[in-house]
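Now for the letters of each chain:
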Amino acid sequence: MKSYASKWIMQRLTAVVLIPLTFWFVYQCVVLSNYEYDQIKSFFFSKFNASLFFILIIAMLYHAKLGNETIVEDYVTSVNLKKITKLFISALTYLSMLLTAISLLYIVSS
Amino acid sequence: MSLNRPLSPHLSIHKKVLTAVFSIFHRFTGICLSIGAILLSLWIILIALGPNYYVKFQNISSLVFFKVFLFLWTLTIFYHLYNGIRYLFWSYGKMMELNTVYRSGYAVIILSISSTILVWISI
């Protein structure tokens, strides 16, 4: 099991990575909001855009996982419920990461 | 051992001071943004699946309700982002004097609202 110190550091490390990426993504969303399907897809054809988006979503999901686990640790009293909730959070996080990675690879290579 | 005791942080027994409200909101917006991250994954999956599936997203995104949802999402992102930057400074023991804490707190509110407005007038 990972130590709480390394989780604390990862929470902050992912936060620092997310600061510039969030500004970049919100800016891109303003541009993408007027785009049709083909234009959005061509945005992700760019390896640069796809890579940044990949880092963004992985960092975001991991940051979210750590944050939600902290909240569960603080507020869920039942030991069993705590276990189940954390398992649910992990499953959802890793499934989303996997499907996002596959989707991005598929878009970039198509 | 009784599990009915109140767990730390004791939300219900303290007077609501600004720092506590900011902290609760940080956690609340964090949970909302986690759901947002999953939705973002679904969006990219729909793009990969092709135009026939992406239409399902476009059907929802054309609704007025969706614009309201996106507006709140923008505000939530900026609040969590700016308040998170404040917490990063705190992790290094910086900006922790009481009046700096309050001033940076108000700055978070002003920056979140103005950034959200800037995004929505640019669209």
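Asks: Explain the overall build of chain B residue by residue, including any values.
Replies: For chain B, the helix and strand inventory stands at four helices and zero strands. N-terminal to C-terminal, the α/β element order of chain B is α-α-α-α. Here the analysis covers contacts within chain B between residues at least 6 apart in sequence; of these, 69% occur between residues at least 24 apart.

Asks: Break down the interface of chain A and chain B for me, with residues and values.
Replies: With 31 residues of chain A at the interface, the matching set in chain B holds 28 residues. Those elements that place two or more of their residues in the side of chain A that touches chain B are helix H1 (4-32), helix H2 (37-45), helix H3 (47-75) and helix H4 (79-109) of chain A. Broken down by element, the side of chain A that touches chain B gets its largest block of residues, nine residues, from H3(A). Looking at the side of chain A that touches chain B residue by residue, the class counts come to 19 nonpolar, nine polar and three charged.

Asks: Explain the packing of H3(A) against H4(A) to me, using residue names and the numbers behind them.
Replies: Packing of H3(A) against H4(A) leaves a shortest axis separation of 10 Å and a crossing angle of 175°. Considering their axes alone, H3(A) and H4(A) lie roughly antiparallel with respect to each other.

Asks: Describe the environment of Phe48(A), listing the residues and the values that go with them.
Replies: Residues and elements named next belong to chain A. Tracing the backbone through its elements, the reader meets phenylalanine 48 in helix H3. For phenylalanine 48, a count of 7 C-beta atoms within 10 Å translates into the label exposed. Sequence separation between phenylalanine 48 and serine 110 is 62 residues, and the spatial gap between their C-alpha atoms is 16 Å.

Asks: I'd like a description of the nonpolar core, backed by residues and values.
Replies: Counting residues in each nonpolar core, the largest one holds 24 residues, and the members touching the most others are Ile57(A), Met60(A), Leu61(A) and Ala37(B). Among the elements of the structure, H1 and H3 of chain A together with helix H1 (18-49) and helix H3 (64-91) of chain B are those that each provide at least two residues to this core. With near-sequence residues (within four places) excluded, Leu61(A) lies in contact with Thr93(A), Ser96(A), Met97(A) and Ala37(B).

Asks: Break down H1(A) for me, citing the residues and quoting the values.
Replies: A rise of 1.5 Å per residue sets the reference length of H1(A), with its 29 residues, at 42 Å; its end C-alpha atoms lie 39 Å apart and thus fit the reference within 8%. Of all the bends in H1(A), the greatest reaches close to 35° and is centred on Leu18(A); the proline Pro20(A) follows between one and four positions later. If you check which residues of H1(A) are buried, you get Ala15(A), Leu18(A) and Thr22(A). For H1(A), the elements touching its buried residues are H3 of chain A together with H3 of chain B.

Asks: Before we move on, can you summarise unusual backbone geometry with the specific residues and values?
Replies: Excluding glycine, residues mostly have negative phi values, and the peptide bonds linking residues are mostly trans. One non-glycine residue with positive phi stands out, namely Met95(B), at about 60°. Along the chain, the position of Met95(B) falls in the loop between H3 and helix H4 (98-122).

Asks: Summarise the confidence of the model for chain B; cite the residues concerned and give the values.
Replies: Looking at chain B as a whole, the pLDDT averages 91, with 89% of positions reaching at least 70. Of all secondary-structure elements in chain B, the lowest mean pLDDT belongs to helix H2 (residues 51-61) of chain B, at 93, while H3(B) reaches the highest, 96.

Asks: Mind laying out the packing of H3(A) against H1(B), listing which residues take part and the relevant values?
Replies: Relative to each other, H3(A) and H1(B) sit at 140°, their axes nearing to 9 Å. With respect to each other, H3(A) and H1(B) are oriented oblique. Helix-helix and strand crossings are classified by hand; for H3(A) and H1(B) the assignment is left-handed. Where H3(A) approaches H1(B), its residues Ile57(A), Met60(A), Leu61(A), Ala64(A), Gly67(A), Asn68(A) and Ile71(A) are matched on the opposing element by Arg27(B), Gly30(B), Ile31(B), Leu33(B), Ser34(B), Ala37(B), Leu40(B) and Ser41(B). Along the lines of polarity and charge, the residues of the contact of H3(A) with H1(B) split into nine nonpolar, five polar and one charged.

What counts, and where the lines are drawn
Residues numbered from 1 in each chain as written. Chains lettered and ligands numbered in written order. Predicted model: local features only at pLDDT ≥ 70, side-chain atom pairs only at ≥ 80, totals over all residues. Helix = DSSP H or I, 4+ residues; strand = E, 2+ residues; numbered from the N terminus. Contact = placed C-beta atoms within 7 Å. Nonpolar A, V, L, I, M, F, W, Y, C, P; charged D, E, K, R; others polar. Axes fitted to C-alpha atoms, helices over the stretch in contact; angles between N-to-C directions. Parallel < 35°, antiparallel > 145°, perpendicular 65-115°, else oblique. Buried ≥ 20, exposed ≤ 12 C-beta atoms within 10 Å, placed from the backbone. Core = buried A, V, L, I, M, F, W, Y, C linked by C-beta atoms within 7 Å. Expected span 1.5 Å × (residues − 1). Bend = angle between axes of the 7 residues up to and from the residue. pLDDT = per-residue confidence, 0-100. Left-handed = near helix turned anticlockwise from the far one by under 90°.

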